[in-house]
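One letter stands for each residue in the lines below.
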Amino acid sequence: MEGQKQVLERLRGAFRSGVTLPVHFRLTQLEAMMSLFEDNETQILEALHEDLAKPKFETVLSEIDIVVNDICYNISNLQTWMQPSYVGTNLATKLDDCFVRREPLGVVLIIGAWNYPIQLILSPLIGAIAAGNCAILKPSEISKATEKLLAELIPKYLSQECYAVVCGGAEETKTLLENRFDHIFYTGSQSVARCVLQAAAVHLTPVTLELGGKCPCLIYGRLDMKAAAKRLVWAKFFNSGQSCVAPDYVLCTDEVKDMLLPFMKEALESFYGSEPQESPDYGRIVTDRHWDRLIELMKRSEGKIVIGGESVKETRYIAPTVIVDVKGTDALMQEEIFGPILPILTIKSLDEGINFINEKEKALALYAFSDESQVVTTVLERTSSGGFCSNDGIVHMTLPGLPFGGVGASGMGNCHGRWGFETFSHKRGCMLRGWGLERVNVLRYPPYTESNLSW
Ligand code: NAD
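Source: prediction; values computed, not measured.

Reading the values: the criteria
Residues numbered from 1 in each chain as written. Predicted model: local features only at pLDDT ≥ 70, side-chain atom pairs only at ≥ 80, totals over all residues. Helix = DSSP H or I, 4+ residues; strand = E, 2+ residues; numbered from the N terminus. Expected span 1.5 Å × (residues − 1). Bend = angle between axes of the 7 residues up to and from the residue. Buried ≥ 20, exposed ≤ 12 C-beta atoms within 10 Å, placed from the backbone. Contact = placed C-beta atoms within 7 Å. Pairing = 2+ DSSP bridges. Near = placed C-beta within 6 Å. Nonpolar A, V, L, I, M, F, W, Y, C, P; charged D, E, K, R; others polar. Axes fitted to C-alpha atoms, helices over the stretch in contact; angles between N-to-C directions.

Chemist: Account for helix H2 (residues 23–52), naming residues and giving values.
Modeler: Taking 1.5 Å of rise per residue, the 30 residues of H2 would be expected to cover 44 Å, yet its terminal C-alpha atoms sit only 37 Å apart, more than 12% below that figure. Its maximal kink placed at Asn40, H2 deviates by approximately 80°. By the burial criterion, the buried members of H2 are Arg26, Gln29, Leu30, Met33, Leu36, Ile44, Ala47, Leu48, Asp51 and Leu52. On the buried face of H2, the contacting elements are helix H3 (56–82), helix H4 (119–130) and helix H5 (144–157). Once H2 ends, the next one or two residues include Ala53, with phi positive near 50°.

Chemist: Help me get a handle on the pairing of strand E13 (residues 321–324), residues and values and all.
Modeler: Looking at chain direction, strand E10 (residues 304–307) and E13 are connected through 3 bridges and run antiparallel. Across the sheet, residue Ile307 finds its bridge partner in E13, namely Val322. Pairing geometry for E13 and strand E14 (residues 341–346), over 3 bridges, is parallel. What sits directly across from Ile323, in E14, is Pro343.

Chemist: Lay out the site of the ligand with the relevant residues and their values.
Modeler: Residues in close proximity to the ligand total 29 residues, the closest being Ser140, Gly188, Ser189, Gly212 and Cys244. Elements with a minimum of two residues in the shell around the ligand: helix H6 (170–177) and helix H7 (190–203). The element best represented in the shell around the ligand is H6, accounting for 3 residues. Considering only residue class, the shell around the ligand consists of 13 nonpolar, 11 polar and 5 charged.

Chemist: Residues and numbers for the sheet that holds strand E16 (residues 385–390), please.
Modeler: One open sheet accounts for 7 strands, arranged E10-E13-E14-E9-E8-E15-E16; its pairing is mixed. In this open sheet, the two edge strands, each paired with only one partner strand, are E10 and E16. Shown here is a sheet whose adjacent strand axes are inclined to one another by a mean of 25°, direction ignored. As defined by bridge partners, strand E9 (residues 247–252) adjoins E14 across 3 bridges and the pair is classed as parallel. Counterpart to Leu251 in the pairing with E14 is Leu345. Most of the contacts of helix H9 (residues 254–272) go to E10, to which it runs at about 50°, and overall it touches strand E8 (215–219), E9, E10, E13 and E14.

Below, the structure is given as structure tokens:
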């Protein structure tokens with residue numbers, strides 16, 4: 001079997017041949033990606049059901065439609081994005097052509113995580129293809145069925161010369177990272193991101209990091225509690241809380257909490273019935289290790305469970321759980337929860353909520369729920385996060401026009417739409433000069449005199 005080095009050599013050879021440069025090639029590959037989805041929807045649904053018991057609707061929305069929409073968006077805009085952008089000139093460069101050219105970087109490495117195992121590999125791949133790169137894809141080994149499916153489908157649909165899937169876990173990824181890439185696009189945890197950065201430093205490889213963290217949901221002032229509860233609960237328990245942009249915790253006043261909780265109970269019951277375990281619309285925790293971690297977090301929490309709390313180890317089930325009376329020092333507040341447990345922390349004022357958020361690492365997403373636009377604007381202006389959405393959760397990342405990515409500890413760089421294309425493009429500043437205006441150049445040649453300063 002071909003080893004990692006040979007795969008890399010093959011892709012490097014293809015990149016050097018210039019095969020990825022024409023727009024026609026890039027569009028053909030993007031169209032082939034569309035066919036991959038059209039022909040294999042059932043297999044994708046089955047793989048994600050096997051890995052995460054992902055409900056069909058959640059897979060269609062978050063693994064298929066989001067990627068397919070981005071492919072369409074890229075296909076419609078690619079020719080425009082590839083055009084050089086001309087910049088203004090000055091007196092000394094008046095006759096020159098001065099422009100920025102978007103050029104592919106070369107062979108890039110895309111490493112994905114398990115929670116949206118299709119999207120997290122194929123979304124960045126869209127940008128890599130659109131920008132004219134070759135790519136090695138390293139799906140997560142934890143979502144095994146999807147890893148296997150990607151390894152089977154990618155060579156079937158995309159150019160084998162230019163794109164390859166490498167399977168394996170930490171050891172294989174570490175070996176892969178010993179090689180020189182022209183860009184590394186990593187999605188996953190902050191701790192592994194440090195290893196990726198260290199490996200990239202050896203070759204001075206630029207890196208995009210799509211990480212996680214604790215995404216706050218600040219609920220304040222007047223609002224439609226019933227709608228707020230539905231949107232909050234949907235965003236939190238989608239994929240059983242295993243979303244990098246899931247609201248990790250809620251900050252609200254005691255008064256809001258008391259009004260919100262009955263509606264949250266009602267919303268959960270209307271979504272998943274009185275026995276969420278029986279609902280086909282509620283997923284499972286990806287591995288025993290993650291299930292153990294979440295149960296341990298619940299046990300160590302000093303808060304009070306007011307909704308859910310039930311669990312079944314054999315099926316890796318954890319009920320949608322809401323915990324109140326949680327303090328900033330609670331176990332639940334020391335790490336990203338990444339599961340179906342929602343702590344509610346109470347604040348006395350908007351300022352207290354904003355200060356609480358600002359004392360923590362910058363989140364990947366920040367949510368502000370309020371009917372009062374002044375509240376939303378204040379939260380937006382006084383905080384920083386990868387993305388921001390008012391009065392809803394998760395949905396901001398479905399729009400290919402918006403950049404998706406973190407800031408500070410939640411990551412660096414972005415993808416989706418043009419942002420992905422830009423991530424995988426080198427912006428080459430070009431000046432095409434002729435031989436005109438040589439008389440003006442006299443002003444910059446030595447021997448220097450006072451008159452040189454007028455250049
Ligand atoms: P994971 O365990 O699947 O790891 C991610 C990738 O890193 C995998 O491909 C894995 O093989 C590889 N890996 C694991 N250990 C490694 C090592 N020591 N050296 C090199 N590579 C290694 O996923 P995870 O890390 O558990 O992902 C969950 C995290 O990802 C959460 O923090 C979540 O918020 C974040 N996330 C972020 C985004 C985003 O777009 N920003 C999306 C999804 C998940």
